[in-house]
Amino acid sequence: MKVTQVSICPSEASAAAGRPALTPELLAASGARYSRNNEGLEAILAKIDPDNMDRSVDSIFKMIDYGHQSIADMVPVAMFIDDLSILLAYLVWAMCPTASGQESSTRYIRLGSDGLVDPADLGVPEEEQEEWFSFMKECFASYEQALEFWEGVASANPEVMRIPRSLIEDSSDKAQKQVARMKRNYAFDRSRYFLPVAARTNMMLIMSARGWVQLCQQLFSHWLPEAQKLARNIREELELVAPRMVRHAEAKQSFTQGQSAELAAWIARANAMSSPPTGEAKVNTNVGLFLPDGIQDSQLSDSLAFHDNRYAFIGDAARRTSIRFAWTAVAIAEIRDLNRHRTGQKYCPLVPLGFYCASDQLTDTLSEGLENLSDTGDQSTSAAFTRLKARNVGFLAWTVLGTQFDFEHTTTLDKFVYEAELRTGPGAHYRYAAHLREAVAQFARQFPISANEISLGLAEPE
């Protein structure tokens, strides 16, 4: 694992225009000074010693000692994280939902069995590691078989990919590259469910120093060894750019106790279930709204009247309405995408409930070829579930992207509309598009007038 802090230098145009360039902490200190006087930026910059910009921070504003954590929100920090597990990447996104960033996509990248993290980092006991490596090899073999299978389906039945005929018949280099990408995505989208969450991925995040410190506090307090390892690496890089914040980047008792309590709740839930779940768990969708006084379906419809794309204006009736949408069994492959939406609160108890492997995409004539692979998913679910009941903190190391968990999201209606339109539009993954379509269908049964305004189904998912 490697964490690298990346600074931002001024653009050529900015430098040519004579615009100031400040360190992240100096930027925050300069902004913070506005709260105590109105002298203006030039007067603040005059206090800076160009030969010692770091010392100039405290001469302008003792931002950390002053007691306002919000000042640390003005310290921008970008970090690139290489070779962490898919599992930890999911947890990081869950811990800091307001961060901006990217992660290597299993929908575009072919992964190999040489890219596994150390099982000890995932809490796998030494006496189980040989068995774990053997099972990981089996998971990657199933992934490769599934890739071969779905590539064969696409070649034999091009119509299943729903690639527009106009695009296929377009001989231009740009069009043919797009067709090739869509063909690859078709197979990747349906085979990725066999990928272990222990596979390595890369991610980058941009957030404030305060956000990084709070992430460190949660990671240092977590029961997963890899999380603690990442926290140490982040803290080392954070010291380069926000040294005044580093002393706060440590384990906190409240997080240690809270995360341990959540794990205990998952164990209790697993022990309340009679046996390890096998096969695909049925997905039930639940949508509930809380309407402010005086808001009815017609008002919700009016608030969407000018909404002609997912970035367009939405009125206050939708912005004031709370919504909770949930699914009883979602594959972690989809949860990783749904979890990236930055508004509201998400809830995902990591108790394995089943295994999804795109079997709903098969017809009777195409069923042969995947049947023998479903055993891999059942073994993964059973292995994780059994270890969870036994209080083995390495239980998640046995899961794959097809492992299903509960997932719910509570936010406001305008944000739900954006998510539904984004996740069902051009290029959307077929599985989470189905989840969102069902959620919108439930919404429509309760509020048929306003549902007509949602631009759902602008294009079929790939």
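Along every chain, residues carry numbers that run from 1 in the direction the sequence is written. The predicted nature of this model means local features are confined to residues of pLDDT at least 70 and side-chain atom pairs, given and counted, to a pLDDT of 80 or more, with totals for whole chains, interfaces and linings taken over all residues. Computation of side-chain values covers all heavy atoms of the structure but excludes hydrogens and water.

Undergrad: Looking at this model, I keep getting lost on the overall build of the protein chain. Mind explaining?
TA: Tallying secondary structure elements over the protein chain gives 18 helices and nine strands in all. In this treatment the radius of gyration is a C-alpha quantity, and the globule benchmark scales as 2.2 Å times the residue count to the 0.38 power. Taken over the C-alpha trace, the protein chain has a radius of gyration of 25 Å; the compact-globule value for 462 residues is 23 Å, and the two agree within 12%. Along the longest, intermediate and shortest principal axes, the C-alpha atoms of the protein chain span 75 × 60 × 55 Å. Residue burial is assigned from relative accessible area. The probe radius is 1.4 Å, only protein chains are included, and a residue is buried under 20% of its type maximum, exposed over 50%, and partly exposed in between. Of all 462 residues assigned to the protein chain, the portion counted as buried reaches 50%. In this description, contact between two residues means that some pair of their heavy atoms is separated by no more than 4.5 Å. Restricting the contact set of the protein chain to residue pairs at least 6 apart, pairs at least 24 apart contribute 83%. Only carbon and sulfur atoms are counted for the fraction: they give 49% of the accessible area of the protein chain, which is about 21,500 Å². Helix numbering and strand numbering both begin at the N terminus, where a helix is a DSSP run of H or I of at least 4 residues and a strand a DSSP run of E of at least 2. All accessible areas in this document rest on Shrake-Rupley with a 1.4 Å probe, and a residue is counted as covered only by the protein chains that are shown.

Undergrad: Please clarify how the packing of aromatic side chains should be interpreted in this entry.
TA: For any pair of aromatic rings, the description consists of the separation of the ring centres together with the inter-plane angle of the planes. In summary, the pairing rule links any two rings of Phe, Tyr or Trp, Trp by its six-membered ring, whose centres are within 6.5 Å, and it sorts them by plane angle into stacked for under 30 degrees, edge-to-face for over 60 and tilted for everything else. Under the defined criterion, the tally for this structure stands at 14 aromatic pairs. Taken together, a centroid distance of 4.8 Å and an interplanar angle of 55° make the contact between F325 and F416 tilted. You can see F325 sitting in strand 6 (residues 322-331) and its partner F416 sitting in helix 16 (residues 413-422), a full 91 residues away along the chain. Given the relative accessible area of 0%, F325 is considered buried. A network of ring pairs unites the aromatic residues F325, W327, F407, F416, F443 and F447 as a single cluster. Distance and angle both matter: a charge sits over a ring if NZ of Lys or CZ of Arg is within 6 Å of the ring centre and within 35 degrees of the ring normal. Note that R192 overlies the ring of Y193, its terminal NZ or CZ placed 5.9 Å from the centroid. Sitting above the plane of the Y432 ring, R423 keeps its charged end 4.9 Å from the centroid.

Undergrad: Just to check I follow, could you spell out the sheet that holds strand 4 (residues 200-208) for this structure?
TA: Within a sheet, neighbouring strands are paired by backbone hydrogen bonds and run either parallel or antiparallel to one another. Taken in spatial order, the four strands make up an open sheet running 1-2-4-3, and their pairing is antiparallel. Looking at the sheet topology across the chains shown, the edges are occupied by strand 1 (2-6) and strand 3 (100-103). In this sheet, neighbouring strand axes are inclined to one another by 15° on average, regardless of whether the strands run parallel or antiparallel. The criterion for strand pairing is that DSSP finds at least two bridges linking the strands in question. Two elements, strand 2 (residues 76-85) and strand 4, share eight bridges in a ladder whose sense is antiparallel. Among the inter-strand pairings, I81 is bridged to a residue of strand 4, identified as M203. Lines fitted to C-alpha atoms define the axes, with helix axes restricted to the stretch in contact, and inter-axis angles between N-to-C directions lie between 0 and 180 degrees. Across the face of the sheet, helix 9 (residues 209-220) comes into contact with strand 2 and strand 4 while running at roughly 130° to strand 4. With respect to the sheet, helix 10 (residues 225-241) is in contact with strand 1 and strand 2, its orientation differing from that of strand 2 by roughly 150°.

Undergrad: Where do I start with the packing of helix 16 against helix 17 (residues 430-446) in this structure?
TA: If you want to describe how two helices pack, look at the angle between their axes and the distance between the axes. Packing of helix 16 against helix 17 brings their axes to within 10 Å, and their N-to-C directions diverge by 135°. When the axis of helix 16 is compared with that of helix 17, the two are oblique. Seen along the crossing, helix 16 lies across helix 17 with a hand that is left-handed. Counting all contacts with helix 16, which are made through L413, F416, E419 and A420, the residues of helix 17 involved are L436, A439, V440 and F443. All amino acids are sorted into three groups, where Ala, Val, Leu, Ile, Met, Phe, Trp, Tyr, Cys and Pro are nonpolar, Asp, Glu, Lys and Arg are charged, and the leftover types, Gly among them, are polar. Here the contact of helix 16 with helix 17 is built from residues that sort into seven nonpolar, no polar and one charged. Here roughly perpendicular refers to angles of 65 to 115 degrees, roughly parallel to angles under 35, roughly antiparallel to angles over 145, and oblique to all remaining angles. The crossing is said to be left-handed when, going from far helix to near helix, the turn is anticlockwise and less than a right angle, and right-handed when the turn is clockwise.

Undergrad: For this particular structure, what's the right way to read unusual backbone geometry?
TA: One can expect most non-glycine residues to show negative phi and most peptide bonds to be in trans. The phi angle at A358 is positive, at roughly 70°, despite the residue not being glycine. Assignment of secondary structure puts A358 in the loop between strand 8 (354-355) and helix 15 (374-389). On the basis of relative accessibility, which here comes to 0%, the residue A358 falls in the buried class. Positive phi outside glycine occurs at R391, with the angle close to 65°. Along the polypeptide, R391 turns up in the loop between helix 15 and strand 9 (403-412). For R391, a relative accessible area of 61% puts it in the exposed group.

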